[in-house]
Amino acid sequence: MALDLTDSAALKQFNALLEREKPEISLLINNAGFGKLCDFATSDVESQTAMIDLNCRALTAVTRYSLPYMKTGGLILNISSIASFAPTPRMAVYCSTKAYVQSFSRALREELKPKKINVLAVCPGPMITEFWQVADRPTHKSRTLDMLPHQSPAKMATCALKAGLKGKSACTMGGFYKFYRFLAHILPKSLLMKWTKC
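In what follows, the accompanying structure is described.

What counts and what doesn't
Residues numbered from 1 in each chain as written. Predicted model: local features only at pLDDT ≥ 70, side-chain atom pairs only at ≥ 80, totals over all residues. Heavy atoms only, no water. Helix = DSSP H or I, 4+ residues; strand = E, 2+ residues; numbered from the N terminus. Expected span 1.5 Å × (residues − 1). Buried < 20%, exposed > 50% of the residue type's maximum accessible area, 1.4 Å probe, protein only. Axes fitted to C-alpha atoms, helices over the stretch in contact; angles between N-to-C directions. Parallel < 35°, antiparallel > 145°, perpendicular 65-115°, else oblique. Left-handed = near helix turned anticlockwise from the far one by under 90°. Contact = heavy atoms within 4.5 Å. Nonpolar A, V, L, I, M, F, W, Y, C, P; charged D, E, K, R; others polar. Polar contact = N/O pair within 3.5 Å; in protein donor to acceptor, adjacent residues only side chain to side chain. Phe/Tyr/Trp six-rings, centres within 6.5 Å; stacked < 30°, edge-to-face > 60°. Core = buried A, V, L, I, M, F, W, Y, C linked by side-chain atoms within 4.5 Å. Disulfide = S-S within 2.5 Å. Salt bridge = Lys/Arg side-chain N within 4 Å of Asp/Glu carboxyl O.

1. Thoughts on helix α3 (residues 92-112)
For α3, built from 21 residues, the straight-helix expectation of 30 Å at 1.5 Å per residue is met to within 8% by its first-to-last C-alpha distance of 30 Å. Burial in α3 covers these residues: Val 93, Tyr 94, Cys 95, Thr 97, Lys 98, Val 101, Gln 102, Phe 104, Ser 105, Leu 108, Arg 109 and Leu 112.

What follows is the structure in structure tokens.
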């Protein structure tokens, strides 16, 4: 069912489908999202606010609409990003939306423990997908992104599913990004931003 999840009417259409079909949901994957690589001060306002609509608002609504149909032992995978670990200059709104996804996932996981529904925040590094075309990566050069190791979407999906089924709260793949997640917990954000600037 193809829907523009930035449109509130589409979200209501999704909810109406659930009410009509009354499915039994065992796995929900909130993977819809996009980012923009640019200076915020000269960015397009519509694309910046659309990021919030899709990455946060739609994810929240789809999750809420789906919960009444999720069975015991169910799993919710919310796609966050390594960008959620620290503020990222030139991707200010994107990394903020992904920080929301991570925080929301952790809090919801705690709420749903009595129902034995696990919520996992998936935090991949850069991957070779159409994400970068939408983000205007070919136009906006970034030495940081050029240097970072890229990950396989298929391997990331397998890693996330396994982690979710094991009851974990977050999933980051690869030693490099796991170490970065650790550093993000102990170092000042002002220092991390010097390294993360895209």
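Resuming the write-up.
2. A few points about the packing of helix α1 (residues 8-21) against helix α2 (residues 45-66)
Packed helices, taken two at a time, are described by the angle their axes make and the gap between the axes. Running from N to C, α1 and α2 point in directions that differ by 15°, and their axes come no closer than 10 Å. Between α1 and α2, the crossing angle belongs to the class labelled roughly parallel. Seen along the crossing, α1 lies across α2 with a hand that is right-handed. Facing Ser 8, Leu 11, Phe 14, Asn 15 and Leu 18 of α1, the residues of α2 in contact are Arg 57, Ala 58, Ala 61, Val 62, Tyr 65 and Ser 66. Its residues assigned to classes, the contact of α1 with α2 comprises 7 nonpolar, 3 polar and 1 charged.

3. Some points on the environment of Asn 55
Structurally, Asn 55 is set in helix α2. Spatially, the C-alpha atom of Asn 55 lies 9.8 Å from that of Ser 96, the residues being 41 residues apart in sequence. What Asn 55 contacts, discounting residues up to four positions off in sequence, is Ala 32, Gly 33, Phe 34, Tyr 94, Thr 97, Lys 98 and Val 101. In terms of polar contacts, Asn 55 uses its side chain to reach the backbone carbonyl oxygen of Phe 34, at 3.0 Å.

4. What about the packing of aromatic side chains?
Evaluation of the coordinates by the stated rule reveals 4 aromatic pairs. On the basis of an interplanar angle of 50° and a centroid distance of 5.7 Å, the ring pair of Phe 85 and Tyr 180 is categorised as tilted. Remark: Tyr 180 occurs in helix α7 (residues 175-186) and Phe 85 occurs in the loop between β2 (70-79) and α3; sequence separation between them is 95 residues. Grouping residues by exposure puts Phe 85 and Tyr 180 together as buried. Relative to Phe 104, the ring of Tyr 100 has its centre 5.8 Å away and its plane inclined at 5°; by these criteria the two rings are stacked. Separated by 4 residues within a single helix, Tyr 100 and Phe 104 lie in helix α3, roughly one turn from each other. When its relative accessible area of 19% is taken as the criterion, Phe 104 is described as buried.

5. Here we look at the nonpolar core
Counting residues in hydrophobic clusters, the biggest one holds 32 residues, and the most contacted among them are Met 70, Ile 76, Leu 108 and Leu 112. When residues of this core are traced back to their parent elements, those giving at least two are α1, β1 (25-30), α2, β2 and α3. When sequence neighbours within four positions are dropped, the list of residues in contact with Leu 108 reads Thr 63, Leu 67, Ile 76 and Val 119. By size, the runner-up hydrophobic cluster in this structure holds 11 residues, among which are Leu 77, Ile 79, Met 127 and Ala 160.

6. Describing the state of the cysteines
Counting across every chain of the model gives 0 disulfides. Cysteine Cys 56 is unpaired, with the sulfur of Cys 95 as its nearest cysteine sulfur at 11 Å. The exposure class assigned to Cys 56 is buried, which follows from its relative accessible area of 10%.

7. Description of the pattern of salt bridges
Applying the stated criterion to the full structure yields 4 salt bridges. Among the salt bridges present, the one from Glu 24 reaches Lys 71, with a minimum N-O distance of 3.8 Å. Highlighted residues: Glu 24 in the loop between α1 and β1 and Lys 71 in strand β2, separated in sequence by 47 residues. Of the residues examined, Glu 24 reaches a relative accessible area of 61% and is grouped as exposed. For Asp 39, the salt bridge identified is with Arg 90, shortest N-O distance 3.7 Å. On the criterion of sequence distance, the pair formed by Asp 39 in the loop between β1 and α2 and Arg 90 in the loop between β2 and α3 is long-range, its members being 51 residues apart. On the accessibility criterion, Asp 39 (45% relative accessible area) is partly exposed.

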